[in-house]
Amino acid sequence: MNEFTQSIYLNLTQIPFGRIISYGQLAKLAGYPNHSRHVGKILSRLPEDTSLPWFRVVSSQGKILNFKQVIMQ
């Protein structure tokens, strides 16, 4: 696992219960402010049974996106 992915996972675990952030905000927290699409790609590769709170990350418009479906199309 590369440093970028580790940083995304670490920052993902820091999102408080009941809060949501955008892909761009997560990228910025991880130290990669221009990599929001890469964040989506990383989250789309998480296993179905992961304990990471991927569902707390939404688009900048507040919509829940399913990157797994988008990438597979």
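Residues numbered from 1 in each chain as written. Predicted model: local features only at pLDDT ≥ 70, side-chain atom pairs only at ≥ 80, totals over all residues. Heavy atoms only, no water.

A. Molecular detail of the overall build of the protein chain. Each helix and strand in the protein chain was counted, giving 4 helices and 2 strands. Sequence-ordered secondary structure for the protein chain, helices as α and strands as β, is α-β-α-α-β-α. A total of 73 residues make up the protein chain; the buried ones form 37% of that total. Nonlocal contacts in the protein chain, meaning residues at least 24 apart in sequence, comprise 59% of its contacts between residues at least 6 apart. Total accessible area computed for the protein chain in this model is approximately 5,300 Å², and 53% of it derives from carbon and sulfur atoms. (Helix = DSSP H or I, 4+ residues; strand = E, 2+ residues; numbered from the N terminus. Buried < 20%, exposed > 50% of the residue type's maximum accessible area, 1.4 Å probe, protein only. Contact = heavy atoms within 4.5 Å. Areas by Shrake-Rupley, 256 points an atom, 1.4 Å probe, with all protein chains shown as cover.)

B. Quick look at the nonpolar core. Judged by nonpolar contacts, the single largest core of 16 residues is most densely connected at I8, L12, L26, V39, L43 and V57. Residue assignment for this core shows that the elements contributing at least two residues are α1 (3–13), α2 (23–29) and α3 (36–44). If you tally residues by element for this core, the top one is α1, at 4 residues. With residues near it in sequence (within four places) discarded, L43 still touches I8, L12, Y23, L26 and V57. (Core = buried A, V, L, I, M, F, W, Y, C linked by side-chain atoms within 4.5 Å.)

C. Region of interest: the side chain of S22. Tracing the backbone through its elements, the reader meets S22 in strand β1 (residues 21–22). Ignoring any residue separated from it by four or fewer positions in sequence, one finds S22 in contact with V57, V58, S59 and S60.

D. Expanded view of the packing of α1 against α3. Relative to each other, α1 and α3 sit at 80 degrees, their axes nearing to 11 Å. Taken together, the axes of α1 and α3 lie roughly perpendicular to each other. Facing α1, whose interface residues are F4, T5, I8, Y9 and L12, α3 presents H38, V39, I42 and L43. Split into classes, the residues belonging to the contact of α1 with α3 amount to 7 nonpolar, 2 polar and no charged. (Axes fitted to C-alpha atoms, helices over the stretch in contact; angles between N-to-C directions. Parallel < 35°, antiparallel > 145°, perpendicular 65-115°, else oblique. Nonpolar A, V, L, I, M, F, W, Y, C, P; charged D, E, K, R; others polar.)

E. Layout of the packing of aromatic side chains. A complete count under the given rule lists 2 aromatic pairs for this structure. Centre to centre, the rings of F4 and Y32 are 4.6 Å apart; their planes meet at 85 degrees, and the pair counts as edge-to-face. Taken together, the residues F4 in helix α1 and Y32 in the loop between α2 and α3 connect sequence positions 28 residues apart. Of the residues examined, F4 reaches a relative accessible area of 13% and is grouped as buried. Between W54 and F55, the aromatic rings sit 5.7 Å apart at their centres with planes inclined by 80 degrees, giving edge-to-face as the arrangement. (Phe/Tyr/Trp six-rings, centres within 6.5 Å; stacked < 30°, edge-to-face > 60°.)

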